Amino acid sequence: MRKSGKAGQTSGHPTPESATQPRHTLHDPEPITPQSRRWIRGKEFNQVKRTDPRYAHWWHENSKEAYSTGLANAAAAFDNYAKSKNGRRKGARMGTPRFKSKRKARLACRFTTGSIRVADEGHVTLPVLGTIRTHESTVKLVARVQSGMARILSATVRHERGRWFVSFQTEVKREITPVARPGVAVGIDLGVKVLAVMADSAGQIRYVDNPKHYEGEQKRLRRLSRRLSRRQGPAVHDRATGKTIRREPSKRWVKANAERNRVHHRVANLREDALHKLTTAVRAEYGTVVVEDLNVAGMLRNRRLARKIADAGFAEIRRQLTYKGQRNACPTVVASRWYPSSKTCSSCKTVKAKLPLHVRVFSCDACGLVIDRDENAARNLADLASAGTTGTGVAGDRGTPSVPKPRGADQKTRASRASRKADPVRAGGAKPPHRRKEPRDLQQDTTAQLGLW
């Protein structure tokens, strides 16, 4: 038994009297600016906020967590910006934090103090908001809290997809659930035509069809989008001045926009439900799961496949497989982005030089194997799990020590262009070998090469 952090969410139904209270709590009607409180110091503001007419009529209606959440988010944003500027934060370079838009920002507030509890199987209690009836049953959380197996740390309320959600961050004592086949590894190759091809080390092959939720609702979305474009929206582009003019949208536009958003929300809910069922079934059966480190952001730049790739949810599948494997203490092996799973023969391990995307059948020139392209990739990923535990030096293997690769053999390299300031060609031919200077990416490290042997 071990303690682990867990977050669960449920949707709520505020009463008509308190339907506007969450929105007031999550969005300040009259936010305080640095100019309005620059003359206030220390504890003096605790008295001023109850007597000053600028704050007294609305400050007490909201929880203090509404203001603390905004300050915590601002502090985290400036901290990330400073670390990124100093080179102490991984990822892309972050810019200066910007103010959130009142119209576009998602309403959210995190409660860390006060009366935060699950009242019964169908109600939750939050500070200031009071007791709210939930749409989904909370019987599992109630049972764990009452038995002492869980402790609620915080609650986050947000407005998303036209509904109010509350997410509880809990500390749970949970038993490690054994999987059905702990000694079997499975390789998962994700695709568009078929969502996933799974090949395990026992030789079993499974195909998971792509539900294509967005493609099924595309016809209805086009019709609703055309209807919405004929209404008076919140913005119009002035061709004369080239500026965007903001205006109050019509009631018919608001109604049509809500109808279209409901279809988008339904597609998102169906996709989320299908991915959770898939990843939960995989993690309940196999002990080791091997997935690829796909460059999803780069794949979305392909205008021909971007819509289908986004609808499949490749990154979400990997994220769910990773954290669900941690619950069962089962490893997740992530193959390198440059590992040639599709171009490698699953029988003799011969690597093809090229394999275009439109070629869906893999045929090996060495051993004569003819197999589906995705199935061949899934078999190679399954074999990578056993190779990763022994540390064979294959790129992407788990447990393999990092060694320098002078020529970058496991990555795509691009030939550098000839410099415009290059020396003129000698009359007798090219430069002598002792005067040539190799490019930096072609210089060989003799010590590193000997270390590989």
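Just so it is clear, the structure is predicted and the values come from calculations on it, not from any experiment.

(A) Examining unusual backbone geometry more closely. Positive phi, normally seen in glycine, also occurs at lysine 212, with a value near 50 degrees. As for its position among the elements, lysine 212 is in the loop between β10 (205-209) and α5 (213-216). In this structure, alanine 329 is a non-glycine residue whose phi angle is positive, near 55 degrees. Secondary-structure assignment places alanine 329 in the loop between α10 (314-327) and β14 (332-335).

(B) How the structure looks around the packing of aromatic side chains. Applying the stated criterion across every chain, the model contains three aromatic pairs. Ring plane angle 65 degrees and centroid distance 6.4 Å describe the contact between tryptophan 58 and tyrosine 67, whose orientation is recorded as edge-to-face. Each member of the pair, tryptophan 58 together with tyrosine 67, is buried. A centroid spacing of 4.2 Å and a plane angle of 15 degrees characterise the contact between tryptophan 59 and tyrosine 67, whose relative ring orientation is stacked. Since its relative accessible area comes to 15%, tryptophan 59 is described here as buried. Cluster of aromatic residues (ring-pair linked, three or more members): Trp58, Trp59 and Tyr67.

(C) How the structure looks around the side chain of glutamate 217. You can see glutamate 217 is positioned in the loop between α5 and α6 (218-229). Apart from residues no more than four positions distant in its own chain, glutamate 217 is found in contact with Val263, Arg266 and Val267.

(D) Quick peek at the state of the cysteines. Tallied over the entire structure, the rule returns zero disulfides. Left unpaired, cysteine 364 is separated from the closest cysteine sulfur, that of cysteine 348, by 3.5 Å. For cysteine 367, which is in no disulfide, the shortest distance to another cysteine sulfur is to cysteine 364 and amounts to 3.6 Å. For cysteine 367, a relative accessible area of 39% gives the class partly exposed.

(E) Summary view of the nonpolar core. Counting 20 residues, the largest nonpolar core has Val186, Ile188, Leu195, Val282, Val289 and Leu321 as its most contacted members. Among the elements that make up this core, the one with the highest residue count is strand β8 (residues 181-190) (four residues). Excluding its chain neighbours within four sequence positions, the residues that come into contact with valine 282 are Val186, Ile188, Met198, Val289 and Leu321. Counting residues in each nonpolar core, the second largest holds 17 residues, with Cys109, Leu141, Val157 and Trp164 among its members.

(F) Local environment of the pairing of strand β13 (residues 286-292). Most of β13 sits out of view: seven of its seven residues are buried. Across four bridges, β8 lies against β13 in parallel orientation. In the strand pairing of β13, alanine 185 is matched with threonine 288.

(G) Structural context of helix α7 (residues 251-285). Under the 1.5 Å per step criterion, the end-to-end length of α7 is 51 Å for 35 residues, consistent within 8% with the ideal 51 Å. When α7 is considered as a whole, its buried residues turn out to be Trp253, Ala256, Asn257, Val263, Val267, Ala268, Leu275, Leu278, Thr279, Val282, Arg283 and Glu285.

(H) The arrangement of the packing of α6 against α7 in detail. Two elements in contact, α6 and α7, have axes whose closest approach is 9 Å; the angle formed by their N-to-C orientations is 165 degrees. Classified by the angle their axes make, α6 and α7 are roughly antiparallel. In this structure, the crossing between α6 and α7 has a hand that is left-handed. Two secondary-structure elements touch here, α6 through Arg220, Leu221, Leu224, Ser225, Arg227 and Leu228 and α7 through Trp253, Ala256, Asn257, Glu259, Arg260, Val263 and His264.

(I) Inspection of the sheet that holds β8 at higher detail. With respect to topology, five strands assemble into an open sheet ordered β10-β9-β8-β13-β14, the strand pairing being mixed. The strands lining the two open edges of the sheet, one partner per strand, are β10 and β14. Taken over all neighbouring pairs, the strand axes of this sheet differ in orientation by 20 degrees on average, direction set aside. Pairing of β13 with β14, which is carried by four bridges, proceeds in the parallel orientation. Counted as the bridge partner of valine 289 is threonine 332 from β14. Helix-sheet contacts for α7 involve β8, β9 (194-200), β10, β13 and β14, and the interaxial angle to β13 is about 130 degrees. α10 contacts β8, β9, β13 and β14 of the sheet and is inclined by roughly 150 degrees relative to β13.

(J) Region of the structure containing helix α2 (residues 44-51). Listed in full, the buried residues belonging to α2 are Phe45, Val48 and Lys49. Along the long axis of α2, the arc covered by the buried residues comes to 100 degrees, so they all point the same way. Opposite the buried face of α2, at more than 90 degrees from it, the exposed residues are Gln47, Arg50 and Thr51.

(K) A look at the packing of α7 against α10. α10 packs onto α7 with a crossing angle of 40 degrees between their chain directions and a minimal axis gap of 9 Å. Put simply, α7 runs oblique to α10. Between α7 and α10 lies a crossing whose hand is right-handed. Between α7, through Leu275, His276, Thr279, Thr280, Val282 and Arg283, and α10, the contact on the second element is made entirely by Glu316, Ile317, Gln320, Leu321, Tyr323, Lys324 and Gly325. A breakdown of the residues in the contact of α7 with α10 according to their chemical character gives five nonpolar, five polar and three charged.

(L) Up close: a positive patch on the surface. On the surface, Arg222, Arg223, Arg226, Arg230 and Arg307 cluster together into a patch of positive charge. The leading source of residues in the positive patch is α6, at three residues. For arginine 230, the position within the fold is in the loop between α6 and β11 (235-238). A relative accessible area of 60% places arginine 230 in the exposed class.

(M) Representation of the pattern of salt bridges in the model. For the coordinates displayed, the defined rule picks out 20 salt bridges. Across the pair arginine 181 and aspartate 200 runs a salt bridge whose closest N-O atoms are separated by 3.5 Å. Pair noted here: arginine 181 is in strand β8 and aspartate 200 is in strand β9, with a separation of 19 residues, a long-range link. Classification of aspartate 200 as buried rests on a relative accessible area of 6%. One salt bridge in this structure joins aspartate 273 and lysine 277, with 3.2 Å as the shortest N-O distance. Here aspartate 273 and its partner lysine 277 are both found in helix α7, four residues apart, which amounts to about one turn of the helix. Overlapping salt bridges, with partners in common, bring together Arg181, Asp200, Arg206 and Glu285 in one network.

Definitions and cut-offs
- Residues numbered from 1 in each chain as written.
- Predicted model: local features only at pLDDT ≥ 70, side-chain atom pairs only at ≥ 80, totals over all residues.
- Heavy atoms only, no water.
- Helix = DSSP H or I, 4+ residues; strand = E, 2+ residues; numbered from the N terminus.
- Phe/Tyr/Trp six-rings, centres within 6.5 Å; stacked < 30°, edge-to-face > 60°.
- Buried < 20%, exposed > 50% of the residue type's maximum accessible area, 1.4 Å probe, protein only.
- Contact = heavy atoms within 4.5 Å.
- Disulfide = S-S within 2.5 Å.
- Core = buried A, V, L, I, M, F, W, Y, C linked by side-chain atoms within 4.5 Å.
- Pairing = 2+ DSSP bridges.
- Expected span 1.5 Å × (residues − 1).
- Axes fitted to C-alpha atoms, helices over the stretch in contact; angles between N-to-C directions.
- Parallel < 35°, antiparallel > 145°, perpendicular 65-115°, else oblique.
- Left-handed = near helix turned anticlockwise from the far one by under 90°.
- Arc of directions from axis to C-beta.
- Nonpolar A, V, L, I, M, F, W, Y, C, P; charged D, E, K, R; others polar.
- Patch = residues over 30% accessible without salt bridge, like charges linked within 9 Å, V, L, I, M, F, W, Y side chains within 5 Å.
- Areas by Shrake-Rupley, 256 points an atom, 1.4 Å probe, with all protein chains shown as cover.
- Salt bridge = Lys/Arg side-chain N within 4 Å of Asp/Glu carboxyl O.
- Lys, Arg positive; Asp, Glu negative; His and termini not counted.
- Charge placed at Lys NZ, Arg CZ, Asp CG, Glu CD.

Just geometry here; none of it tells us what the structure is for.
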